[in-house]
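# Summary of the model geometry
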Amino acid sequence: MAKGYWVSVYPDTPDIERLAAYDKLAGLAVQAGGGRNLALLPSRGGRIVAHEAGVAQRVVLIEFDSFEQAVATYESEAYQNALVALPDGFKRDFRIIEGVD
């Protein structure tokens, strides 16, 4: 079964303090849904090197055992509650993608 991934890119450098409530709730929802973080955030020492038209920005990569599990976690009550905690006007590019295998 192909794995599922959440890929989230933040076009602006987010105010980490304003994201704290979301990060906590989202982390609990992801953990409950069986997701695993695959990348270290810059605020926690992670490094980013951007090439081509890329911009060094916050990127979140989370792996799930299946695409269906990734979608179900996004649709879960726990994650929907986390979305409410995102600061007003906050923008990001969020996708759920299916892995190769």
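Keep in mind that this is a model prediction, so the values were computed, not measured.

When its secondary structure is counted, the protein shows three helices and four strands. Counting from the amino terminus, helix and strand elements in the protein follow one another as β-α-β-β-α-α-β. Over its C-alpha atoms the protein spans a radius of gyration of 14 Å, differing by no more than 12% from the 13 Å that the globule rule assigns to 101 residues. The 101 residues of the protein split such that 31% are buried. Of the roughly 6600 Å² of accessible surface on the protein, 53% is carried by carbon and sulfur atoms.

Right, let's get into the nonpolar core. Residues Trp 6, Tyr 22, Ile 62, Phe 64 and Tyr 79 are the most contacted members of the largest nonpolar core, which totals 16 residues. Top element by residues in this core is helix H1 (residues 16-32). It accounts for five residues. Excluding residues that lie within four positions of it along the chain, Tyr 22 makes contacts with Tyr 10, Gly 27, Tyr 79, Ala 82, Leu 83, Ala 85, Leu 86 and Arg 92.

Let us now look at the layout of surface pockets. Volume-wise, the largest pocket comes out at about 360 Å³. Elements with a contribution of two residues or more to the lining of the largest pocket: strand S1 (4-9), H1 and strand S3 (59-64). Tallying contributions element by element places H1 first for the lining of the largest pocket, with six residues.

So, on to the sheet that holds S1. Here four strands make up an open sheet; going across it, the order is S2-S3-S1-S4 and the pairing antiparallel. Edge positions in the open sheet fall to strand S2 (36-37) and strand S4 (93-98), since each of these has one partner strand only. Note that S2 and S3 share two bridges and pair antiparallel. Among the inter-strand pairings, Arg 36 is bridged to a residue of S3, identified as Glu 63.

Let us now look at the side chain of Thr 73. Considering the arrangement of structural elements, one finds Thr 73 in helix H2 (residues 67-75). On the accessibility criterion, Thr 73 (5% relative accessible area) is buried. Setting aside its immediate chain neighbours within four residues, Thr 73 contacts Trp 6, Ala 29, Val 30, Gly 33, Phe 64 and Tyr 79.

What counts as what
- For every chain, the first residue of the written sequence is number 1, and numbering continues from 1 along that sequence.
- In view of the model being predicted, local features appear only for residues whose pLDDT reaches at least 70, and side-chain atom pairs are presented and counted only at 80 or more, with totals across whole chains, interfaces and linings using the full set of residues.
- The side-chain values count all of the structure's non-hydrogen atoms but skip hydrogen atoms and water molecules.
- Segments assigned H or I by DSSP are reported as helices when at least four residues long, segments assigned E as strands when at least two residues long, and all are numbered from the N terminus.
- This radius of gyration counts C-alpha atoms alone. The globule rule is 2.2 Å times how many residues there are, raised to the power 0.38.
- Only protein chains enter the accessibility calculation, which uses a 1.4 Å probe; a residue whose area is less than 20% of its type maximum is buried, one above 50% is exposed, and one in between is partly exposed.
- Only the protein chains shown count as cover for residues, and the accessible areas themselves come from Shrake-Rupley with a 1.4 Å probe.
- Here, the term nonpolar core denotes a set of buried Ala, Val, Leu, Ile, Met, Phe, Trp, Tyr and Cys residues that are joined through side-chain atoms within 4.5 Å.
- Contacts are residue-level and defined by heavy atoms, with any inter-residue pair within 4.5 Å sufficient.
- Think of a 1 Å grid over just the protein atoms. A cavity is a set of points where a 1.4 Å probe fits yet cannot get out, a pocket is an open set with protein on both sides within 12 Å along at least five of seven lines, and lining residues have an atom within 4 Å of a point.
- Grid points are joined across faces, edges and corners, and a volume is the space filled by probe spheres set on the points.
- At least two bridges found by DSSP between two strands are what make those strands a pair.

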